[in-house]
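The chain contents come next:
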Amino acid sequence: MKTTGVIRKLDELGRIVIPIEQRRTLDINLHDPVEISIEDGKIVIKKYHTSCVFCGNVQNVMTFRDKLICKKCLNELIKNESK
Ligand SMILES: [Zn+2]
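Reading the values: the criteria
- Residues numbered from 1 in each chain as written.
- Predicted model: local features only at pLDDT ≥ 70, side-chain atom pairs only at ≥ 80, totals over all residues.
- Helix = DSSP H or I, 4+ residues; strand = E, 2+ residues; numbered from the N terminus.
- Rg over C-alpha atoms; globule rule 2.2 N^0.38 Å.
- Buried ≥ 20, exposed ≤ 12 C-beta atoms within 10 Å, placed from the backbone.
- Contact = placed C-beta atoms within 7 Å.
- Pairing = 2+ DSSP bridges.
- Domains from an automatic or database assignment.

### Describing the overall build of the protein
Secondary structure summary: the protein contains 2 helices and 4 strands in total. Reading the protein from its N end, one meets helices and strands in the order α-β-β-β-β-α. Against the 2.2 N^0.38 benchmark of 12 Å for 83 residues, the protein shows a C-alpha radius of gyration of 17 Å, more extended than a compact globule. With respect to the principal axes defined by its C-alpha atoms, the protein has extents near 55 × 25 × 25 Å. When the 83 residues of the protein are sorted by exposure, 2% land in the buried category. When contacts within the protein are restricted to residue pairs at least 6 apart in sequence, those whose partners lie at least 24 apart make up 2%.

And the structure:
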């Protein structure tokens, strides 16, 4: 993974601007929801997905290893696995 080490200062409300190049790299657009968490003493900002990563379906979606997958895609995966 490439890290660019951009230095930014927080403003008086604790906000920062995420550099445009990094947003483009991760396909994070204006008004997209992001998830902020702390991992190993670091603040991690991730694009927040509310739909299946494979088909974009928003119903019957569950999380597996930090990714969202819908029941239909999960069943197709299981079917392919048993071939
Ligand atoms: Zn799906």
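### Let's talk about the pairing of strand E4 (residues 67-70)
Sheet topology note: the strand E3 (residues 61-64)/E4 ladder contains 4 bridges and is antiparallel. Note that in E4 the partner of Met 62 across the bridge is Ile 69. The hairpin turn running from E3 into E4, its antiparallel successor, is 2 residues long, and Arg 65 in that turn takes a positive phi close to 45°.

### Brief notes about the domain arrangement of the protein
Taken domain by domain, the protein holds domain 1 (1-48) and domain 2 (50-83). For domain 1 versus domain 2, the distance between C-alpha centres works out to 27 Å.

### Thoughts on the environment of Glu 81
With respect to the helices, strands and loops of the structure, Glu 81 is situated in helix H2 (residues 71-81). By the C-beta count within 10 Å, which is 7 here, Glu 81 ends up exposed. Sequence separation of Glu 81 and Val 17 is 64 residues, and the distance between their C-alpha atoms is 43 Å.

### Some words on the pairing of strand E1 (residues 34-39)
Burial runs low along E1: only 0 of the 6 residues are buried. Summarising the sheet, E1 and strand E2 (residues 42-47) pair through 6 bridges and their orientation is antiparallel. Its bridge partner being in E2, Ile 36 is matched across the sheet by Ile 45.

### Brief notes about unusual backbone geometry
Backbone geometry at His 31 places phi at a positive 75°, although glycine is not the residue there. Mapped onto the secondary structure, His 31 falls in the loop between helix H1 (20-25) and E1. Not every positive phi belongs to a glycine, and Asn 60 is a case in point at roughly 55°. With respect to the helices and strands, the residue Asn 60 is situated in the loop between E2 and E3.

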